[in-house]
Amino acid sequence: MALAITARVDLNAEQVAALSSLVGGRISQNQSVLDAHGRDESAFPPVQPSAVITVKSTEEVSKVLAYCNQEKIPVVAFGVGSSLEGHVLPLFGGISLDLSEMDQILAISPDDLTVKVQAGVKRMALNKKLSSEGLFFSVDPGADATIGGMASTGAAGTTTVRYGSMRENVLKLTAVLADGTILEVGRETRKLSAGYDLTRLIVGSEGTLAVITEITLRLFGIPEKMASAVSCFPSLEDGVQAAIAIVRSGVAIARCEFLDAQSIRNVNHHDGISLQEAPTLLFEFHGSPRGVEEDAQLVQEITSEFGGTDFKWTTEEGERRKLWQARHNAYWAGIAAHPGKRGISTDAAVPLSKLAQAVAVSEKLLKESGFPFSILGHVADGNFHSFIITDPTKPEELEQIRELTHEMTSQIIAMGGTCTGEHGIGAGKIDSLVEEAGAASVAVMRAIKATLDPNGILNPGKIFS
């Protein structure tokens with residue numbers, strides 16, 4: 001079951017011409033286009049593809065993949081390049097398959113609470129369109145990613161605690177296998193017990209099993225009322241313990257985010273706000289006006305039991321949006337606080353009972369490392385991130401940070417946690433997947449990969465070594 005792509009593949013003139021004929025000439029080898037498709041938001045060095053092909057339909061994707069499979073040309077699907085684990089890097093050259101122009105919202109069904117979109121539709125544009133129907137798509141990873149990219153990585157984010165991740169919100173999809181076969185998997189029903197769950201096999205497979213082209217999503221009605229709240233804590237551990245207690249209380253929080261003092265300092269400077277520079281929990285509540293007020297009052301009582309102070313809540317829409325925009329900007333705020341540097345964002349999740357321990361262990365290792373860092377995350381669902389600053393003029397730091405994050409991840413796996421709650425494996429956590437899942441499970445994954453993509457052309461170098 002060895003995968004076939006082991007060295008870089010560059011296209012010859014005949015192959016370029018053949019591929020060009022399949023997509024109406026939408027193939028480019030322009031250096032600026034290759035550069036744009038050879039990087040993402042990870043700290044991995046850029047890698048240029050041999051060519052970039054822009055597709056506009058499932059049928060074009062099918063034709064391109066069938067030809068590339070025949071010619072043993074690697075193919076990496078590309079949306080906007082917002083991934084954090086090197087997912088879209090064409091490590092073995094070949095084709096970067098750009099789906100960004102497949103950006104049509106195909107059908108909105110308000111009565112069924114579903115929407116069907118092409119893979120290149122962006123999250124924010126989708127919600128802007130849905131708002132006129134009183135609906136919204138709930139998964140919010142922060143970045144304005146494409147829906148296809150979010151499905152491919154099994155994205156989650158700030159609202160997962162209430163609404164679930166992509167795995168819970170993709171009902172149906174169209175995907176193309178390596179040989180060009182077009183699959184339609186899943187149904188637009190709320191229940192489905194027919195056969196193997198191929199939908200969730202493809203969701204989160206990071207473009208290694210198929211290229212997703214169309215997705216049917218679960219939607220929700222826009223809540224009657226939304227409110228946000230803030231509370232500060234003496235320490236990281238106090239804030240985490242408060243978040244755990246709030247989840248246990250049964251409060252239907254829509255978001256519960258934790259930011260350490262450094263994260264707050266960064267977003268204050270970046271977004272021009274004035275939060276107290278202390279470990280902080282941010283909350284959002286959805287529901288009726290009365291229900292939102294009762295939830296906020298209960299959360300205030302719980303936070304005070306863990307030393308929470310400066311509890312403030314508001315239903316004013318402008319203030320609420322400003323607060324959450326600052327949270328979403330935490331990544332960029334961390335980079336802006338260190339001009340000329342780059343940031344590495346880690347990702348791990350643990351059972352709620354181990355969350356305080358996991359955060360404490362990570363904080364200790366980070367302090368001992370000497371690298372500038374901050375910690376934040378979606379603590380109500382056990383998922384948190386460490387943001388580590390590195391100097392791009394010192395490439396040796398990347399190896400040091402890789403060792404540091406591997407040590408953190410190993411300890412988290414030992415607690416029963418996972419090496420990634422939402423970023424995915426990509427090229428960065430291949431060893432951790434084996435450590436977490438075990439050799440037998442990874443062998444099964446490899447067997448599935450070999451069955452669906454026997455020539456190994458789809459996103460080689462990701463998930464498996």
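Quick caveat: nothing in here was measured; it's all calculated off a predicted structure. (Residues numbered from 1 in each chain as written. Predicted model: local features only at pLDDT ≥ 70, side-chain atom pairs only at ≥ 80, totals over all residues. Heavy atoms only, no water.)

**A look at the overall build of the chain**
Along the chain, the regular secondary structure elements total 17 helices and 19 strands. Relative to its length of 465 residues, the chain is compact, with a C-alpha radius of gyration of 22 Å against a globular reference of 23 Å. Across its three principal axes, the chain shows a C-alpha extent of roughly 70 × 55 × 45 Å. Counting over 465 residues, the chain shows a buried share of 55%. The contacts in the chain between residues at least 6 apart in sequence include a share of 72% that link residues at least 24 apart. (Helix = DSSP H or I, 4+ residues; strand = E, 2+ residues; numbered from the N terminus. Rg over C-alpha atoms; globule rule 2.2 N^0.38 Å. Buried < 20%, exposed > 50% of the residue type's maximum accessible area, 1.4 Å probe, protein only. Contact = heavy atoms within 4.5 Å.)

**Re the environment of Ile448**
Position of Ile448 among the secondary structure elements: in helix α17 (residues 439-452). You can call Ile448 partly exposed: its relative accessible area is 30%. Residue contacts for Ile448: discarding those within four places in its chain leaves Leu201 and Leu209.

**Quick word on the sheet that holds strand β1 (residues 27-28)**
Spatial ordering of the open sheet is given by β1-β2-β4-β3, a layout of 4 strands whose pairing is mixed. Because the sheet does not close on itself, it has two edges, and the strands there are β1 and β3 (75-78). As paired elements, β1 and strand β2 (residues 51-54) share 2 bridges and run antiparallel to each other. Counted as the bridge partner of Ile27 is Ile53 from β2. Across the face of the sheet, helix α3 (residues 58-71) comes into contact with β2, β3 and β4 (95-98) while running at roughly 170° to β4. (Pairing = 2+ DSSP bridges. Axes fitted to C-alpha atoms, helices over the stretch in contact; angles between N-to-C directions.)

**Side note on the packing of aromatic side chains**
Considering all chains together, one arrives at 6 aromatic pairs under this definition. Taken together, a centroid distance of 5.4 Å and an interplanar angle of 90° make the contact between Phe136 and Tyr163 edge-to-face. Taken together, the positions of Phe136 in strand β7 (residues 135-136) and Tyr163 in helix α6 (residues 160-163) put the pair 27 residues apart, joining distant regions of the chain. Between Tyr331 and Trp332, the aromatic rings sit 5.0 Å apart at their centres with planes inclined by 85°, giving edge-to-face as the arrangement. Directly above the ring of Trp324 sits Arg255, whose terminal nitrogen or CZ lies 5.0 Å from the centroid. (Phe/Tyr/Trp six-rings, centres within 6.5 Å; stacked < 30°, edge-to-face > 60°. Lys NZ or Arg CZ within 6 Å of the ring centre and 35° of its normal.)

**Quick look at helix α10 (residues 261-271)**
Burial in α10 covers these residues: Ala261, Ser263, Ile264, Asn266, Val267 and Asn268. Buried residues belonging to α10 abut β13 (253-259), β14 (280-287), α12 (317-328), α13 (330-336) and β18 (373-378). Phi turns positive, to about 65°, at Gly272, one or two residues after α10.

**Section: the side chain of Arg255**
On the secondary structure map, Arg255 appears in strand β13. Within polar-contact distance, the side chain of Arg255 engages the side chain of Asp140 at 2.9 Å. In contact with Arg255, other than residues within four places in its own chain, are Asp140, Thr158, Thr159, Val161, Leu282, Phe283, Glu284, Trp324 and His328. (Polar contact = N/O pair within 3.5 Å; in protein donor to acceptor, adjacent residues only side chain to side chain.)

From the geometry alone we can't say anything about function, so treat these as descriptive.
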